[in-house]
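# A structural walkthrough
The chain contents come next:
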Amino acid sequence: MIKLLIAAALAAYFSPAFSQFPNYTSHLLLCEDRDLSGRCITFPYVANASQCINMPNYFNDVVSSVAPEGSGHNCTLYMDYACTGMNRSVTAFVSFLSDFDDRTSSFRCTS
């Protein structure tokens with residue numbers, strides 16, 4: 001049942017809302033609570049661009065769960081802005097970032 005709810009949440013968050021940004025090829029879903037719950041935000045990014053994306057002030061140090069779109073993506077979450085400091089890599093849905101809970105300030109993804 002929980003897998004069905006997670007799949008539904010992912011489908012809702014990765015809707016074609018970002019089709020207005022043709023250069024963006026993938027998305028990273030970040031949520032402030034476990035299991036993609038609470039307040040969530042979807043960030044588009046260009047795969048293979050190695051761009052660093054800083055969290056907006058209202059979402060800094062609150063991320064508890066994460067889901068990169070699709071497979072083959074490697075996203076690195078960083079403790080500090082500008083993709084510096086301690087980091088944690090994710091390649092798939094993580095229901096709870098126990099060792100990195102409420103620490104994400106920026107991220108970088110590649111595929």
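Residues numbered from 1 in each chain as written. Predicted model: local features only at pLDDT ≥ 70, side-chain atom pairs only at ≥ 80, totals over all residues. Heavy atoms only, no water.

### Let's talk about the overall build of the protein
Looking only at helices and strands, the protein has one helix and seven strands in total. In the protein, the order of α-helices and β-strands from amino to carboxyl end is α-β-β-β-β-β-β-β. In the protein, which comprises 111 residues, the share counted as buried stands at 38%. Of all intrachain contacts in the protein linking residues separated by at least 6 positions in sequence, the fraction that spans at least 24 positions is 64%. Only carbon and sulfur atoms are counted for the fraction: they give 53% of the accessible area of the protein, which is about 5,800 Å². (Helix = DSSP H or I, 4+ residues; strand = E, 2+ residues; numbered from the N terminus. Buried < 20%, exposed > 50% of the residue type's maximum accessible area, 1.4 Å probe, protein only. Contact = heavy atoms within 4.5 Å. Areas by Shrake-Rupley, 256 points an atom, 1.4 Å probe, with all protein chains shown as cover.)

### Examining the packing of aromatic side chains
Considering all chains together, one arrives at two aromatic pairs under this definition. A centroid spacing of 5.5 Å and a plane angle of 65° characterise the contact between Phe-43 and Phe-107, whose relative ring orientation is edge-to-face. Of this pair, Phe-43 sits in strand β2 (residues 37-45) while Phe-107 sits in strand β7 (residues 106-110); the two residues are 64 residues apart in sequence, bridging distant segments of the chain. Considering the side-chain rings of Tyr-58 and Phe-59, the 6.3 Å spacing of their centres and the 75° angle between planes classify their relative orientation as edge-to-face. In this structure Tyr-58 comes out as partly exposed when scored by relative accessible area, which is 49%. (Phe/Tyr/Trp six-rings, centres within 6.5 Å; stacked < 30°, edge-to-face > 60°.)

Remember, this is a structural readout, not a statement about activity or role.
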